[in-house]
Amino acid sequence: MALTKAELHEYGLTLFGERYQSRFAAALTAVRGKPVSQTQVSQWVAGPDGQRDPPLWLLPLVLHVARRERADLEQRMRHLDWLLQRDDRRARRLLAAADRHPEVRPLLDDAPEAEDDGPDLTP
C-alpha cells in the first residue's frame, strides 16, 4: 500500500521540520539516484486525495531516508551528550567561582545542579 499524503507530510515534517520539502526532495534524490524535485514533493502532499498521490515506489525510499536520518540524529545526540557532560562540569566550576565574579551568576543560573564528579579544582 502506498503512503498517504498525510503520512508523507508527517515523515517530512518529523525528519526536516516546517519547511521540509526541498530537503526531503534532496534526500529522496540521493537514495533514488534519480531526481526528485521539491515540486514533486509539494504535489504529493498537497491537494485532495486521488490527485497526484504519492507513488507506490516512494514508501521504501522514505523508510530508508527515515532510518538514515534517525541514525544521524542518534550519533549527533551521543556527541551532544558528551559535550553537555564535559561543559556542565566547567559551568559548575564557574558557578562555584561566581561569588568572586557576581556578573557571571545570571549566566549560570540555568546550570544543572552539581553531581559528584570528583574534587572541585577551582583555583
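Here, the structure is the one placed above.
To start, this report covers the structure provided alongside it.

Criteria and thresholds
Numbering of residues begins from 1 in every chain and follows the order in which that chain's sequence is written. Residue-level local features of this predicted model are given only where pLDDT is at least 70; pairs of side-chain atoms are given and counted only at 80 or more, and the full residue set underlies all totals for whole chains, interfaces and linings. Think of the side-chain values as coming from all heavy atoms in the structure, minus any hydrogens and water. A run of H or I in DSSP counts as a helix once it spans at least four residues, and a run of E counts as a strand once it spans at least two, with each numbered from the N terminus. Between N-to-C directions, angles cover 0 to 180 degrees, with each direction set by a line fitted to C-alpha atoms, over the stretch in contact for helices. By definition in this entry, angles of less than 35 degrees are roughly parallel, angles greater than 145 are roughly antiparallel, angles of 65 to 115 are roughly perpendicular, and the rest are oblique. For any helix crossing, the convention is left-handed if the near helix is rotated counterclockwise from the far helix by under a right angle, and right-handed if that rotation is clockwise. In this description, contact between two residues means that some pair of their heavy atoms is separated by no more than 4.5 Å. Residue type decides the class: Asp, Glu, Lys and Arg count as charged, Ala, Val, Leu, Ile, Met, Phe, Trp, Tyr, Cys and Pro as nonpolar, and the leftover types, Gly among them, as polar. To estimate the expected span of a helix, count its residues, drop one, and scale the result by 1.5 Å. When accessible area is computed with a 1.4 Å probe and restricted to protein chains, residues below 20% of their type maximum are described as buried, those above 50% as exposed, and intermediate ones as partly exposed.

## Observations regarding unusual backbone geometry
The phi dihedral of Arg52 falls on the positive side, at around 55°, and the residue is not glycine. Inspection of the secondary structure puts Arg52 in the loop between helix 3 (38-45) and helix 4 (58-97).

## What to know about the packing of helix 2 (residues 21-32) against helix 3
Axis separation between helix 2 and helix 3 bottoms out at 8 Å; the angle between their running directions is 110°. Relative to helix 3, the element helix 2 lies roughly perpendicular. When the axes of helix 2 and helix 3 are compared, the crossing they make is right-handed. Along the contact surface, helix 2 presents Gln21, Ser22, Phe24, Ala25 and Leu28, while helix 3 presents Gln38, Val41, Ser42 and Val45. Partitioned by chemical class, the residues of the contact of helix 2 with helix 3 number 5 nonpolar, 4 polar and no charged.

## Looking at helix 4
In this model helix 4 runs 57 Å from its N-terminal to its C-terminal C-alpha over 40 residues, within 8% of the 58 Å that 1.5 Å per residue would give. Along helix 4, the residues that are buried comprise Leu58, Leu61, Val62, Val65, Ala66, Glu69, Ala91, Arg92 and Ala97.

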